[in-house]
Amino acid sequence: MALRPGSSSAKRMWDNAESADDKEWIEALSSYGLCIAAVSDKTKPTKGLSKVDQWWTSTLPSLLREEQSISKASLVKVMQWKLGRGKFRPLMGRLESGNTPAQVIACSQRAFRSAKSNDSSSVKNAVIALTQLVAVGPATASAVLAAYDPSKFAFMADEAIDAVSTVGTRSYSLAQYLALNKLLTEKASDLNTRGSTVEWTAELVGRALWSCAKCAALGIKPKGAGDITPIRATPPLKKTVSGTAGKALPTETTRVRTPPGSKKGEEGAKVGVEHTGRRKEKRCTQTVDDLPPQKKTRQQRGSLQK
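Residues numbered from 1 in each chain as written. Predicted model: local features only at pLDDT ≥ 70, side-chain atom pairs only at ≥ 80, totals over all residues. Heavy atoms only, no water.

**A word on the environment of Ser7**
Part 1: For Ser7, the location among the structural elements is in helix 1 (residues 7-15).
Part 2: For Ser7, a relative accessible area of 0% translates into the label buried.
Part 3: Sequence separation of Ser7 and Trp210 is 203 residues, and the distance between their C-alpha atoms is 7.9 Å.
Part 4: Once residues lying within four places of it in the same chain are set aside, the contact partners of Ser7 are Glu159, Asp162 and Ala213. (Helix = DSSP H or I, 4+ residues; strand = E, 2+ residues; numbered from the N terminus. Buried < 20%, exposed > 50% of the residue type's maximum accessible area, 1.4 Å probe, protein only. Contact = heavy atoms within 4.5 Å.)

Quick look at the structure:
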């Protein structure tokens, strides 16, 4: 099976185990936004990818953790994100017609319960729970779970599979995902021992491999260490801070370490995310009868009297 365009570059980065630091990885990861923008709206499957990716990275994680399930509408949007990031396959129709909202919620609840477990088979059980849904395989399941807990699950991108050749050619099987996810998790631990400025997760490692491949395929020059700016990453679990009712939640930078010897407040070369907490908007339906008299038109007041 032929490699996806640019995957050979990602494979070289993966195999470069002798690198003393993670500079190359950070440069690839920091170019993620450039790559998303480059492929967005170029074809029908990638139409609106930039907007959907922003939702996947910034909004969906908090939503999943608050609800402890995923709605059918959000699952459809995740599928849109997955197909935009990878190779298009005609799955959307089957996903929408083959699953009820109740089935999606029930399967995702079981998946998230497994994901939170410390059991050795928690990753496997979480993926299996989601793949009970029609048109949801391990790759789509990983797209949901990587948003839910990026430290434990990585998205099953084609470019990541190609880069980690020890997992074999792309089969999209459960066994292949488990092998890939284990290696990406181990790579994250390895990168974190190199004095990294990034707190690497399995998902960030996979994202860096995808970005490296896309940079090579599209002729995008990865950002140098001195040009690195914060990119979107999955925010941590939301915490309720006492005394903040009615106030805007503070902006926070996610999973960024301060390099040894650097001064507090200096950014240096880092990759992070600025995430502002968002409260859900409450929708209400207001009828004419609910309006105060001064808000009703003359015609409406007359109709109410009849």
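**Brief notes about the pattern of salt bridges**
Part 1: Across all of its chains, the model carries six salt bridges by this definition.
Part 2: A salt bridge links Glu186 to Lys182; the nearest nitrogen and oxygen atoms lie 2.6 Å apart. Here Glu186 and its partner Lys182 are both found in helix 11 (residues 174-192), four residues apart, which amounts to about one turn of the helix.
Part 3: Taking relative accessible area as the criterion, Lys182 reaches 52% and is therefore assigned exposed.
Part 4: For Arg194, the salt bridge goes to Asp190, with nearest N and O atoms at 2.5 Å.
Part 5: For Arg194, a relative accessible area of 16% gives the class buried.
Part 6: For Asp190, a relative accessible area of 30% gives the class partly exposed. (Salt bridge = Lys/Arg side-chain N within 4 Å of Asp/Glu carboxyl O.)

**Looking at the environment of Ser108**
Part 1: By secondary structure assignment, the location of Ser108 is in helix 7 (residues 101-116).
Part 2: Sequence separation of Ser108 and Val144 is 36 residues, and the distance between their C-alpha atoms is 8.9 Å.
Part 3: In this structure, Ser108 is in contact with Gln68, Ser69, Ile70 and Leu130, ignoring residues within four places of it in sequence.

**Comments concerning helix 1**
Part 1: Turning to helix 1, its buried residues are Ser7, Ser9, Ala10, Met13 and Trp14. The buried residues of helix 1 occupy an angular sector of 155° when projected down its axis, which confines them to one face.
Part 2: Where helix 1 is buried, its residues contact helix 2 (23-30), helix 10 (158-163), helix 11 and helix 12 (202-218). (Arc of directions from axis to C-beta.)

**A word on the side chain of Thr57**
Part 1: The topology assignment puts Thr57 in helix 4 (residues 49-67).
Part 2: Assessed through its relative accessible area of 0%, Thr57 is described here as buried.
Part 3: Only 2.9 Å separates the side chain of Thr57 from the backbone oxygen of Asp53, close enough to count as a polar contact. (Polar contact = N/O pair within 3.5 Å; in protein donor to acceptor, adjacent residues only side chain to side chain.)

**Quick word on the confidence of the model for the protein chain**
Part 1: Model confidence for the protein chain is summarised by a mean pLDDT of 79, while 72% of its residues fall at 70 or above.
Part 2: With pLDDT under 50 throughout, residues 263-306 is counted as low confidence; its partners more than four residues away or in other chains account for 63 contacts. (pLDDT = per-residue confidence, 0-100.)

**Here we look at the nonpolar core**
Part 1: Trp25, Leu184, Trp200 and Leu209 are the most contacted members of the largest nonpolar core, which has 74 residues in total.
Part 2: In terms of residue count, helix 12 provides more of this core than any other element does, nine residues in total.
Part 3: Contacts of Trp200, omitting those with residues within four sequence positions, involve Asp22, Trp25, Ile26, Leu29, Ala188, Leu191, Asn192, Val205 and Ala208. (Core = buried A, V, L, I, M, F, W, Y, C linked by side-chain atoms within 4.5 Å.)

**Observations regarding helix 12**
Part 1: For helix 12, with 17 residues, the first-to-last C-alpha span of 24 Å sits near the 24 Å given by 1.5 Å per residue.
Part 2: Backbone geometry just after helix 12 places Gly219 at a positive phi near 70°. (Expected span 1.5 Å × (residues − 1).)

**Looking at unusual backbone geometry**
Part 1: Phi at Gln68 is positive, roughly 55°, even though this residue is not glycine.
Part 2: Its place among the elements puts Gln68 in the loop between helix 4 and helix 5 (72-85).
Part 3: By relative accessible area, which is 25% here, Gln68 ends up partly exposed.
Part 4: The phi dihedral of Tyr172 falls on the positive side, at around 60°, and the residue is not glycine.
Part 5: Judged by relative accessible area, Tyr172 falls into the partly exposed class, the value being 23%.

**Re the packing of helix 8 (residues 122-130) against helix 9 (residues 138-148)**
Part 1: It is at 9 Å that the axes of helix 8 and helix 9 come closest, and there the two elements cross at 110°. Considering their axes alone, helix 8 and helix 9 lie roughly perpendicular with respect to each other. Handedness of the crossing formed by helix 8 with helix 9: right-handed. Here helix 8 contributes Ala126, Val127 and Leu130 to the contact with helix 9, which in turn contributes Pro138, Ala141, Val144 and Leu145.
Part 2: Residues that form the contact of helix 8 with helix 9 fall into these classes: seven nonpolar, no polar and no charged. (Axes fitted to C-alpha atoms, helices over the stretch in contact; angles between N-to-C directions. Parallel < 35°, antiparallel > 145°, perpendicular 65-115°, else oblique. Left-handed = near helix turned anticlockwise from the far one by under 90°. Nonpolar A, V, L, I, M, F, W, Y, C, P; charged D, E, K, R; others polar.)

**What to know about the packing of helix 8 against helix 11**
Part 1: At a minimum axis separation of 11 Å, helix 8 and helix 11 run at an interaxial angle of 135°. For the element pair helix 8 / helix 11, the angle class is oblique. The way helix 8 lies across helix 11 gives a crossing that is right-handed. Listed contacts from helix 11 to Val123, Lys124, Val127 and Ile128 of helix 8 are Leu174, Tyr177, Leu178 and Asn181.
Part 2: Counted by class, the contact of helix 8 with helix 11 contains six nonpolar, one polar and one charged residues.

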